[in-house]
Amino acid sequence: MTDSSPPPATVKSAMRTLDIIEYVVSRGRPLVAQEIAGALGIPVSSLSYLLGTLVERGYLARDGRRYTTGPGLARLQTHSPAFTLAETVAPLVRTLRIQLNETTSFFVRRDWEVEALVTETSEHALRYAVQTGAHAPLHGFSAGKALLAAMADEELDRYFAETERIAFTPTTIVSEPALRAEIAAIRRTGTAHTREEHTPGIHGLGRVARIDGDVVGAFSVAIPAVRFDEATERRASDLLARTVELLEAE
């Protein structure tokens, strides 16, 4: 006996995405959306979203109204795909956001600041948004604290000597002894915390990430205090650890 029920919407969307790629590749020339929609029987409203996603990820390229194959397809065929760091971590950031439905980001260090390289915003009505490319002092974000904890002691000494840490909220940790105690705790547990230290009402958790043993950045999640409890903290910490393991395994 076979199951004749229709495939789930997510499976159908994936099949349509592959159909689009295969059709554009097979035609060997630029195509307008109406041609693709007519050939594959995909409603234009659905097709527009799928085409936009494929262009964004580089698997298709758009020139005016026409679509053709993009550089992402050629890159997948190489033995050593030349993915940027942002492209490498983006699927992991997206998956973590889906698992938690909280704003998830990957930060890289820029001198004594962090920069948001990739970010995915929660779908909750009450949420914290991170602007891609935004900079913030290391001590204010959980990702920044995780990166501080990953520094060698000599570099950490230089950080304290060269920075004047400002308080964003009444709970921001700015003194050297208190921040050093926080760093020692992060080194023991692997997870950094901010407790409404950059933005009132927002808790952050962060974990440093390495590739081939070298620190490349840190993953973080931002959770409104009204949704933050011990169970949420434990699950977020576990998923952060798992996400880092997946990156390091690659």
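Refer to the structure presented above.
As the structure is a computational prediction, the values presented were derived from the model and not from experiment.

Novice: So what exactly am I meant to see when it comes to the sheet that holds strand β2 (residues 60-63) here?
Specialist: Pairing between the strands of a sheet is mediated by backbone hydrogen bonds and can be parallel or antiparallel. The 3 strands lie next to each other as β1-β3-β2, forming an open sheet whose pairing is antiparallel. The strands lining the two open edges of the sheet, one partner per strand, are β1 (31-32) and β2. Each of β2 and β3 (66-69) is contacted by helix α3 (residues 44-56), which is oriented at about 105° to β2, the strand it contacts most.

Novice: Is there a simple way to think about unusual backbone geometry in this case?
Specialist: A negative phi holds for most residues other than glycine; trans holds for most peptide bonds. Of note, the phi angle at N101 is positive, near 50°, even though the residue is not glycine. Inspection of the secondary structure puts N101 in the loop between α5 (85-100) and β4 (103-110). Since its relative accessible area comes to 22%, N101 is described here as partly exposed.

Novice: What am I meant to see in the packing of helix α6 (residues 142-149) against helix α8 (residues 176-189) here?
Specialist: The relative placement of two packed helices is expressed as an angle between their axes plus a distance between the axes. Running from N to C, α6 and α8 point in directions that differ by 80°, and their axes come no closer than 9 Å. Judged by the inter-axis angle, α6 sits roughly perpendicular to α8. Contacts from K145, A146, L148 and A149 in α6 reach L179, E182, I183, I186 and R187 in α8. Residue composition of the contact of α6 with α8, by class: 6 nonpolar, no polar and 3 charged.

Novice: Looking at this model, I keep getting lost on the packing of helix α7 (residues 153-162) against α8. Mind explaining?
Specialist: At a minimum axis separation of 12 Å, α7 and α8 run at an interaxial angle of 150°. Viewed along their axes, α7 and α8 adopt a mutual orientation that is roughly antiparallel. Relative to α8, α7 is oriented so that their crossing is right-handed. Residue-level contacts link D153, L156, D157, Y159 and F160 of α7 to E176, L179, R180, I183 and R187 of α8. Grouping the amino acids of the contact of α7 with α8 by side-chain chemistry returns 5 nonpolar, no polar and 5 charged.

Novice: What exactly am I supposed to notice about α3 here?
Specialist: Each α-helix winds once per 3.6 residues, and so residues spaced three or four apart point in a common direction. Compared with an ideal rise of 1.5 Å per residue, which puts 13 residues at 18 Å, α3 spans 18 Å between its outermost C-alpha atoms and is within 8% of the ideal. Three or more residues of α3 are buried, namely L47, L50, L51 and L54. Taken down its axis, α3 places every buried residue within 100° of arc, on the same side. Every exposed residue of α3 that faces more than 90 degrees away from the buried side is listed here: S45, S48, Y49 and E56. At the C-terminal side of α3, G58 shows a positive phi close to 90°.

Novice: Help me out: how do you make sense of the sheet that holds β4 in this one?
Specialist: Spatially, the 6 strands line up as an open sheet ordered β6-β5-β4-β9-β8-β7, and their pairing is antiparallel. Where the open sheet ends on each side, the last strands, each with one partner, are β6 (135-137) and β7 (192-195). Averaged over all adjacent pairs, the angle separating strand axes in this sheet is 30°, with direction ignored. Bridging between strand β5 (residues 113-120) and β6 involves 3 bridges; their strand directions are antiparallel. Pairing of V114 across the sheet is with A136, part of β6.

Novice: Quick question: what am I supposed to make of the pairing of strand β9 (residues 214-224) here?
Specialist: Both faces of the sheet carry side chains from a regular strand, because those side chains alternate between them. With 8 of 11 residues buried, β9 is to be regarded as a mostly interior element. Pairing of β4 with β9 involves 5 bridges; the strand directions are antiparallel. If you follow S105 over to β9, its bridge partner there is S220. Alignment of strand β8 (residues 202-211) against β9, held across 10 bridges, turns out to be antiparallel. Of the residues in β9, the one forming a bridge with L205 is V221. Here β8 folds back onto β9 in antiparallel fashion, the turn holding 2 residues, of which D212 has a positive phi close to 55°.

Parameters at a glance
- Residues numbered from 1 in each chain as written.
- Predicted model: local features only at pLDDT ≥ 70, side-chain atom pairs only at ≥ 80, totals over all residues.
- Heavy atoms only, no water.
- Pairing = 2+ DSSP bridges.
- Helix = DSSP H or I, 4+ residues; strand = E, 2+ residues; numbered from the N terminus.
- Contact = heavy atoms within 4.5 Å.
- Axes fitted to C-alpha atoms, helices over the stretch in contact; angles between N-to-C directions.
- Buried < 20%, exposed > 50% of the residue type's maximum accessible area, 1.4 Å probe, protein only.
- Parallel < 35°, antiparallel > 145°, perpendicular 65-115°, else oblique.
- Nonpolar A, V, L, I, M, F, W, Y, C, P; charged D, E, K, R; others polar.
- Left-handed = near helix turned anticlockwise from the far one by under 90°.
- Expected span 1.5 Å × (residues − 1).
- Arc of directions from axis to C-beta.

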